[in-house]
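Inside the fold
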Amino acid sequence: MIVIIDFGSQYTHLISRRVRELGVKSEIVFPFTSSERIKRMNPDGIIFSGGPNSVYDRDAPDVDETLWKWILKNNIPVLGLCYGLHLIAKRFHGRIGKSERREYGITTVKIKKHNIIFRGLGEKEVVWMSHGDKVLDLPDTFEVLASSENCKYASFCYKNIYALQWHPEVVHTKNGMKMLNNFLFEICKARKDWNMEDFVERTVRDIKARVGNKKAIIALSGGVDSSVATVLASKAIGKNLIAVFVDTGLLRKNEGERVERIFRKFNLKFLKIDAKERFFRRLKGVKDTEMKRKIIGEEFIRIFEEVARKEKAEFLIQGTIYPDVIESGSRTADTIKSHHNVGGLPEDIGLEIIEPLSYLYKDEVRRIGKKLGIPDEIIKQHPFPGPGLAVRVTGEVNEENIRICREASYILEEELKKAGVFYDLWQAFAVTLEDRVVGVVGDQRKYGRIVALRIVESVDAMTANFAKLDWDLLERISTRITNEIPEVVSVAYFISNKPPQTIEPC
């Protein structure tokens, strides 16, 4: 077991994921988690994550003195990353201050001593930095292990405590996995005993224990996450699971028929609810995207509560995954976006929420889905937002806006599949923009609609790059959209990465 203390970094769960990829069980806790609980977890090692704070901020998170004493007394290995490095230096009376020049992005560090954590690495390493503070003075008892041009104390150690100013968990740190491997197996002496089969078995067991002989409903959208959560839950509680598919009128083309066809085959009660009029009525006149999310989230919950009362169910299971959670904020992380199944939940929920996938990334969920026998047409599809096409139109939710968005997205997916590139992409969809531009149709001047395409490549959705597609392919897509959707006269392409833009632009 490796315990990861989350100080608010957007990469905290990426650390946990890397540890699991190396075959070691990991669990994330928060700085306010009691030291007694952490002791009971009996960790082989502890990792301090990065975070957005300065250690000298008034509300800067830290671990309590009791935990520090226990770590030192029992010689528990610690690895501090970025903010975690600053905490370690502060704890031992080092001096931390603002750097004259912030380091953000790819940096080269010079390894000054090939300590055990750098075993098998070269004299110089390419790493990913993201910090504005740095250690100015290091306690005499500490040993400097690496430096960069802008950071004298980029890595150091003291007894079994190690610190890196960079992020070994991100792919941009060339040998980050080797550093983590050295920490886990050379320093912590951890065992490789975690795999996806363990996760499935443990999750099924946990759901079964929590629900017992009671009933649960699950929000089944037909996307990868909710589908995997549905099959996991059905393995746990069988016919006591009611899969509720809500047709909001905001779905992809032919979505309802496809989902019903697939999930009628599983050991669960499938319930399809036509709620288009209900959602469109609530969304009438609403243009603000976050308001749309809140309204849709509340309406979903009210429908689930109605079904739960009728079915006498006490639990609501959702396919929330980690990017949903981290982008919706926590006590230590900033909020990027609310989601209908996280930040958009109303406070007066009458059901107990279960989120079995909330510690996983999309690619991990897909691997689990494969193991569960879910067909590729579900597993390989692109992510789709919980609020549906409502957050892919910048204006009001009405028949025209949604139809344009749905048809344009269908054309886009069809052409990408014909070109053989669809499954190489993380996500591809159309956005209906509220503005209009002048076009020429049949030799006549016409004010028409704009459709913008968002097509990105990514590994885990925490970062993404726009796809540099063939111009001829983009031209075919644009031509089809403007020919087949009469209202559209212009097709644009988002060429911003994440960051600064999020994948979903609305």
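Computed from a prediction, not measured in an experiment: that's the story for all the values here. (Residues numbered from 1 in each chain as written. Predicted model: local features only at pLDDT ≥ 70, side-chain atom pairs only at ≥ 80, totals over all residues. Heavy atoms only, no water.)

What the rule picks out here adds up to 41 salt bridges. Here E21 and R17 are joined by a salt bridge, their closest N and O atoms 3.1 Å apart. On the criterion of helical spacing, the pair formed by E21 and R17 is a turn pair, its members being four residues apart in helix α1 (residues 12-21). Note on E21: relative accessible area 37%, which makes it partly exposed. Here E36 and K39 are joined by a salt bridge, their closest N and O atoms 3.2 Å apart. In this pair, E36 and K39 both sit in helix α2 (residues 35-40), three residues apart, roughly one turn of the helix. A relative accessible area of 42% means that E36 is categorised as partly exposed. Overall, K39 belongs to the partly exposed group, its relative accessible area being 23%. When salt bridges that share partners are traced, they join E414, E415, K418, R476, R480 and E484 into one network. (Salt bridge = Lys/Arg side-chain N within 4 Å of Asp/Glu carboxyl O. Helix = DSSP H or I, 4+ residues; strand = E, 2+ residues; numbered from the N terminus. Buried < 20%, exposed > 50% of the residue type's maximum accessible area, 1.4 Å probe, protein only.)

Further remarks concern the confidence of the model for the chain. Per-residue pLDDT for the chain has a mean of 89; in total, 93% of the residues score no lower than 70. The model gives residues 331-344 a pLDDT under 50, and that stretch makes 58 contacts with residues more than four places away or in other chains. (pLDDT = per-residue confidence, 0-100. Contact = heavy atoms within 4.5 Å.)

Geometrically, a packed helix pair is captured by the angle between its two axes and the distance between the axes. Relative orientation of the contacting elements helix α14 (residues 399-418) and helix α15 (residues 471-484) amounts to 145°, with a least axis distance of 10 Å. When you trace α14 past α15, the crossing you get is right-handed. Contacts between α14 and α15 involve A408, I411, L412, E414, E415, L416 and K418 from the former and L473, R476, I477, R480, I481 and E484 from the latter. Here the residues of the contact of α14 with α15 sort into seven nonpolar, no polar and six charged. (Axes fitted to C-alpha atoms, helices over the stretch in contact; angles between N-to-C directions. Left-handed = near helix turned anticlockwise from the far one by under 90°. Nonpolar A, V, L, I, M, F, W, Y, C, P; charged D, E, K, R; others polar.)

A separate point is the sheet that holds strand β10 (residues 215-219). The five strands are arranged β12-β11-β10-β13-β14 in an open sheet whose pairing can be described as parallel. Each end of this open sheet is capped by a strand with a single partner; those strands are β12 (269-274) and β14 (352-354). If you compare each strand with its neighbour and ignore which way they point, the axes differ by 30° on average. Note: strand β13 (residues 313-317) against β14, three bridges, orientation parallel. Considered in β14, the bridge of F315 is made with E352. Strands β10, β11 (241-247), β12 and β13 of the sheet are contacted by helix α10 (residues 289-311), whose axis makes an angle of about 140° with β11. (Pairing = 2+ DSSP bridges.)

Where like charges cluster on the molecular surface, the positive patch consists of K110, K112, K124 and K152. Tracing the backbone through its elements, the reader meets K124 in strand β6 (residues 124-137). A relative accessible area of 61% means that K124 is categorised as exposed. (Patch = residues over 30% accessible without salt bridge, like charges linked within 9 Å, V, L, I, M, F, W, Y side chains within 5 Å. Areas by Shrake-Rupley, 256 points an atom, 1.4 Å probe, with all protein chains shown as cover. Lys, Arg positive; Asp, Glu negative; His and termini not counted. Charge placed at Lys NZ, Arg CZ, Asp CG, Glu CD.)

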